[in-house]
Amino acid sequence: MKSLQFFSQGNHHWNIIYDQDERRVIDSNVYALSVDDQTLILDPGGFEIFPQVFSALVEVAPPGSLKAAFVSHQDPDIASSLPLWNACNPTIAWYVPKLWSGFIRHYGALDADLRDIPDEGGEMTLGSARLQFVPAHYLHSSANFHVYDAFAKVLFCGDVGAALLPAGHAPFVDRRNIESPAAFDEHIKSAEYFHKRWMPSMAAKRNWCERVSRMDIDFLAPQHGAIYTGENVKRFIDWFDALKVGSAVE
């Protein structure tokens, strides 16, 4: 897996760890936020990719700086690596949805320091940064959160915005970093089925779109696929707001 820094100002840095050259499981993006030499890892991934993620992470952040981890929901591609991270560093604070904390312990590491996030969300601090846990319930999990960093204008949006892209894809929606409508239209073809099939609730989708449209976002960072930047952030929110989801019911 590869690491790329996509935001850096002073002692505040965001990195994406992305792509798999050999695709045996669904590809997953892992994000690392470092502030004042403290690091938070977001949706650290599954057991299968732990060695690759760990190797990429130590290139951008010292292992001793890893203070916390965020788990958006209960899926194995999100958190089944938890016992491996805990074995490396049992002092990591794990921020997880309260509804799923008992289920997540089934992955192992019963002694892990799990910090419950209530349904209404909340906040955490990392160094001098204050991060917001944004409710995104039923998108697609019944207890689900995103993370907003107002300083960097980054919204880590979990499965919302995900696209099923081929191996070797670029880390941004347009590999030429040109935020054109044509580039967005081409990319979104790879996101349409995922959102129609995995997102079950029109009401939850509308609630999320209304909430995040009021945020100042430069980077919309999903757990699968590529990061939306600039005008592509609004293009995605508008596209998702108009999309009919819950296709399996039909």
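How each quantity is defined
- Residues numbered from 1 in each chain as written.
- Predicted model: local features only at pLDDT ≥ 70, side-chain atom pairs only at ≥ 80, totals over all residues.
- Heavy atoms only, no water.
- Helix = DSSP H or I, 4+ residues; strand = E, 2+ residues; numbered from the N terminus.
- Rg over C-alpha atoms; globule rule 2.2 N^0.38 Å.
- Buried < 20%, exposed > 50% of the residue type's maximum accessible area, 1.4 Å probe, protein only.
- Contact = heavy atoms within 4.5 Å.
- Salt bridge = Lys/Arg side-chain N within 4 Å of Asp/Glu carboxyl O.
- Core = buried A, V, L, I, M, F, W, Y, C linked by side-chain atoms within 4.5 Å.
- Pairing = 2+ DSSP bridges.
- Axes fitted to C-alpha atoms, helices over the stretch in contact; angles between N-to-C directions.
- Phe/Tyr/Trp six-rings, centres within 6.5 Å; stacked < 30°, edge-to-face > 60°.
- Parallel < 35°, antiparallel > 145°, perpendicular 65-115°, else oblique.
- Left-handed = near helix turned anticlockwise from the far one by under 90°.
- Nonpolar A, V, L, I, M, F, W, Y, C, P; charged D, E, K, R; others polar.
- Expected span 1.5 Å × (residues − 1).
- Arc of directions from axis to C-beta.

A. Region of the structure containing the overall build of the chain. Counting its regular elements, the chain contains 7 helices and 13 strands. Computed over C-alpha atoms, the radius of gyration of the chain comes to 17 Å, within 12% of the 18 Å expected from 2.2 N^0.38 for 250 residues, which places it in the range of a compact globule. C-alpha atoms of the chain, sized along the principal axes, occupy 45 × 40 × 35 Å. Within the span of the chain, comprising 250 residues, buried residues form 56% of the whole. A sequence separation of at least 24 residues applies to 66% of the contacts in the chain between residues at least 6 apart.

B. Representation of the pattern of salt bridges within the structure. Scanning all chains against the criterion turns up 8 salt bridges. Of the charged contacts in the structure, one is a salt bridge between Glu 123 and Arg 130, with a shortest N-O distance of 3.5 Å. Of the two residues, Glu 123 and Arg 130, neither departs from the other in class, the shared state being exposed.

C. Region of the structure containing the nonpolar core. Within the largest apolar cluster, 32 residues are counted, with the highest numbers of intra-cluster contacts made by Leu 155, Trp 208, Tyr 228, Phe 236 and Phe 240. Looking at this core, the elements with two or more residues in it are strand E11 (154–158), helix H5 (181–198), helix H6 (202–212) and helix H7 (231–242). Of all the elements, H7 adds the most residues to this core, at 5 residues. Phe 236 has contacts with Val 160, Gly 161, Phe 184, Ile 188, His 195, Trp 208, Leu 220 and Tyr 228, leaving out every residue within four places of it along the chain.

D. Main features of the sheet that holds strand E13 (residues 228–229). The 6 strands are arranged E8-E9-E10-E11-E12-E13 in an open sheet whose pairing can be described as mixed. The open sheet has two free edges, formed respectively by strand E8 (122–126) and E13, since each of these has just one partner strand.

E. Looking closely at the sheet that holds strand E7 (residues 113–117). In spatial order, the strands read E1-E2-E3-E4-E5-E6-E7; together these 7 strands make up an open sheet with mixed pairing. Only two strands of the sheet have a single neighbouring strand rather than two, namely strand E1 (2–9) and E7. Taking the axes of each pair of neighbouring strands and ignoring which way they run, one obtains an average angle of 20° across the sheet. For E1 and strand E2 (residues 12–18), the ladder comprises 7 bridges, and the chain directions are antiparallel. Counted as the bridge partner of Ser 8 is His 13 from E2. With respect to the sheet, helix H1 (residues 50–57) is in contact with E1, E2, strand E3 (30–35), strand E4 (38–42) and strand E5 (66–70), its orientation differing from that of E2 by roughly 150°.

F. Main features of the packing of aromatic side chains. For the structure on display, the rule yields 20 aromatic pairs. Taken together, a centroid distance of 6.1 Å and an interplanar angle of 40° make the contact between Phe 6 and Trp 14 tilted. An aromatic cluster is present here, built from Phe 6, Trp 14, Tyr 31, Phe 70, Tyr 95, Phe 133, Phe 156 and Phe 219 joined pairwise through their rings.

G. Molecular detail of the pairing of E8. Relative to strand E9 (residues 129–135), E8 runs antiparallel, the two sharing 5 bridges. Bridging from a neighbouring strand, Glu 123 pairs with Gln 132 of E9. With antiparallel pairing between neighbouring strands as the criterion, E8 and E9 make up a hairpin whose turn holds 2 residues, including Gly 127 at a positive phi of roughly 60°.

H. A look at the environment of Ile 26. Locating Ile 26 in the fold gives a position in the loop between E2 and E3. Its relative accessible area of 40% is what places Ile 26 among the partly exposed residues. Through-space distance from the C-alpha of Ile 26 to that of Asp 77 is 8.0 Å; in sequence the pair is 51 residues apart.

I. Structural detail: the packing of H5 against H7. The geometry of H5 relative to H7 is characterised by a closest axis approach of 11 Å and an angle of 40° between their N-to-C directions. In terms of orientation, H5 and H7 fall into the oblique class. Crossing geometry of H5 relative to H7 is assigned as right-handed. Residue-level contacts link Pro 181, Phe 184, Ile 188, Ala 191, Glu 192 and His 195 of H5 to Asn 232, Arg 235, Phe 236, Trp 239 and Phe 240 of H7. Grouping the amino acids of the contact of H5 with H7 by side-chain chemistry returns 7 nonpolar, 2 polar and 2 charged.

J. The arrangement of H7 in detail. For H7, spanning 12 residues, the distance from its first C-alpha to its last is 17 Å, which sits close to the expected 16 Å at 1.5 Å a residue. The complete set of buried residues in H7 reads Asn 232, Val 233, Phe 236, Ile 237, Trp 239 and Phe 240. Here the buried residues of H7 occupy an arc of 165° about the axis, which is enough to place them on one side. On the buried face of H7, the contacting elements are H5, H6, strand E12 (219–222) and E13.

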